[in-house]
Amino acid sequence: MKKIALFVVALFISVAANAQFEEGKAYLGASLTGLDLNYNGSEKGHLGFGAKAGYLFLDNLMGTVQIDYQKTKDVPYTLSLGAGGRYYIEQNGIYLGASCIYKHRQCYDDFLPSVQVGYAFFISRTVTIEPEIYYEQSFKNHKDYSQVGLRLGIGVYLFQDQRKN
């Protein structure tokens, strides 16, 4: 009975997610990083907040821009700006992302290519909870500034009005 219930829930989620990532939709998101859910060689702990906006210019393909703010114990702040993209796999909510990030700190500036794997779990027709695993590769100092971590976000997919006048 449990297997049947899980199958029905999985089927419902896949049908509900179908057609969510169509061309012409906009996206707004906010995320929380840190709380010791990431690791790099120079920081012991931090808390970060981020905002992301995107636009689905093709079905399943979104262009994104992002801004992040992080506070660590050792550094007063880190400000990051980035641009990238997401590809949603088979309309099931799993996505692959890539971006290029410019990071500014008090003591250095860095460009970091980043890759992400995440899941857009719809809790309503337009709102998602988005856990994401990411990796950022530092060109400045790989050992101390490259980072792998977990990001937890919430996203809103804005539908365009499809009615014809």
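For the structure itself, consult the block above.
On a predicted model such as this, the values are computed, not experimentally measured, just so you know. (Residues numbered from 1 in each chain as written. Predicted model: local features only at pLDDT ≥ 70, side-chain atom pairs only at ≥ 80, totals over all residues. Heavy atoms only, no water.)

Participant: Can you lay out the pairing of strand S4 (residues 61–72) for me, pointing to particular residues and giving the numbers?
Facilitator: Looking down a regular strand, the side chains alternate between one sheet face and the other. Alternating positions in S4 separate cleanly, Met 62, Thr 64, Gln 66, Asp 68, Gln 70 and Thr 72 being buried on one face and Leu 61, Gly 63, Val 65, Ile 67, Tyr 69 and Lys 71 remaining unburied on the opposite face. With ten bridges joining them, S4 and strand S5 (residues 78–88) adopt antiparallel strand pairing. The partner of Ile 67 across the bridge, within S5, is Leu 81. (Buried < 20%, exposed > 50% of the residue type's maximum accessible area, 1.4 Å probe, protein only. Helix = DSSP H or I, 4+ residues; strand = E, 2+ residues; numbered from the N terminus. Pairing = 2+ DSSP bridges.)

Participant: Run through the side chain of Arg 86, naming residues and quoting values.
Facilitator: Its location among the elements puts Arg 86 in strand S5. In this structure the side chain of Arg 86 is engaged in a polar contact, spanning 2.9 Å, whose partner is the side chain of Tyr 88. The residues contacting Arg 86, other than those within four sequence positions of it, are Tyr 27, Lys 52, Asn 60, Leu 61, Met 62, Tyr 95, Leu 96, Gly 97, Glu 130, Glu 132 and Tyr 157. (Polar contact = N/O pair within 3.5 Å; in protein donor to acceptor, adjacent residues only side chain to side chain. Contact = heavy atoms within 4.5 Å.)

Participant: Before we move on, can you summarise the pattern of salt bridges with the specific residues and values?
Facilitator: Pairs can form between side chains of opposite charge whenever their charged atoms are close. Under the defined criterion, the tally for this structure stands at five salt bridges. Glu 136 is the salt-bridge partner of Arg 151, the closest N and O atoms lying 3.9 Å from each other. A residue pair is termed long-range when its members are at least 10 positions apart, and Arg 151 in strand S10 (residues 147–158) and Glu 136 in strand S9 (residues 127–136) qualify at 15 residues. When sorted by exposure, Arg 151 lands in the same class as Glu 136, which is buried. (Salt bridge = Lys/Arg side-chain N within 4 Å of Asp/Glu carboxyl O.)

Participant: So what about empty space enclosed by the protein? Which residues, and what values?
Facilitator: Summed over the entire model, instances satisfying the criterion amount to three cavities of 30 Å³ or more. Along the wall of the largest cavity there are 16 residues; nearest its centre are Ser 31, Lys 52, Arg 86, Glu 132 and Arg 151. Among the elements that line the lining of the largest cavity, the one with the most residues is strand S1 (residues 26–34), at four residues. Tallied by class, the residues present in the lining of the largest cavity amount to five nonpolar, five polar and six charged. Mapped by element, the contributors of at least two residues to the lining of the second largest cavity are S4 and strand S6 (94–105). For the lining of the second largest cavity, the leading source of residues is S4, giving three residues. (1 Å grid on protein atoms, 1.4 Å probe; cavity = no way out; pocket = protein on both sides within 12 Å on 5 of 7 lines; lining within 4 Å. Points joined across faces, edges and corners; volume = space filled by probe spheres on them. Nonpolar A, V, L, I, M, F, W, Y, C, P; charged D, E, K, R; others polar.)

Participant: Requested: an account of the nonpolar core, with residues and values cited.
Facilitator: Phe 21, Tyr 27, Leu 56, Met 62, Tyr 88, Tyr 95, Ala 120, Phe 122 and Tyr 157 form the largest nonpolar core, which has nine residues in total. In contact with Tyr 157, other than residues within four places in its own chain, are Phe 21, Ala 26, Tyr 27, Met 62, Arg 86, Tyr 88, Ala 120, Phe 122, Thr 126, Thr 128 and Glu 130. (Core = buried A, V, L, I, M, F, W, Y, C linked by side-chain atoms within 4.5 Å.)

Participant: Can you break down the packing of aromatic side chains residue by residue, with the values?
Facilitator: Going through the model one piece at a time under the given rule, you end up with ten aromatic pairs. Centroid distance Phe 21 to Phe 122: 5.7 Å. Interplanar angle 55°. Geometry classified as tilted. Placement of Phe 21 in the loop between helix H1 (2–17) and S1 and of Phe 122 in strand S8 (residues 121–122) is noted, with a sequence separation of 101 residues between them. Residue Phe 122 is classed as buried on the basis of its relative accessible area of 15%. Taking the centre distance of 5.6 Å and the plane angle of 40° together, the rings of Phe 122 and Tyr 157 count as tilted. Of this pair, Phe 122 sits in strand S8 while Tyr 157 sits in strand S10, and the two are 35 residues apart along the sequence. (Phe/Tyr/Trp six-rings, centres within 6.5 Å; stacked < 30°, edge-to-face > 60°.)

Participant: So what about the environment of Asn 92? Which residues, and what values?
Facilitator: In this structure, Asn 92 sits in the loop between S5 and S6. As a C-alpha pair, Asn 92 and Gln 20 span 72 residues in sequence and 9.1 Å in three-dimensional space.

Participant: Summarise the pairing of strand S7 (residues 109–119); cite the residues concerned and give the values.
Facilitator: The side-chain alternation of S7 yields one buried face, formed by Asp 110, Leu 112, Ser 114, Gln 116 and Gly 118, and one unburied face, formed by Asp 109, Phe 111, Pro 113, Val 115, Val 117 and Tyr 119. Note: S6 against S7, eleven bridges, orientation antiparallel. Bridged to Gly 97 within S7 is Gln 116. What sits between the antiparallel neighbours S6 and S7 is a turn of three residues. Both S7 and S9 contribute to a ladder of five bridges, which runs antiparallel. Along S9, the bridge assignment pairs Gln 116 with Tyr 134.

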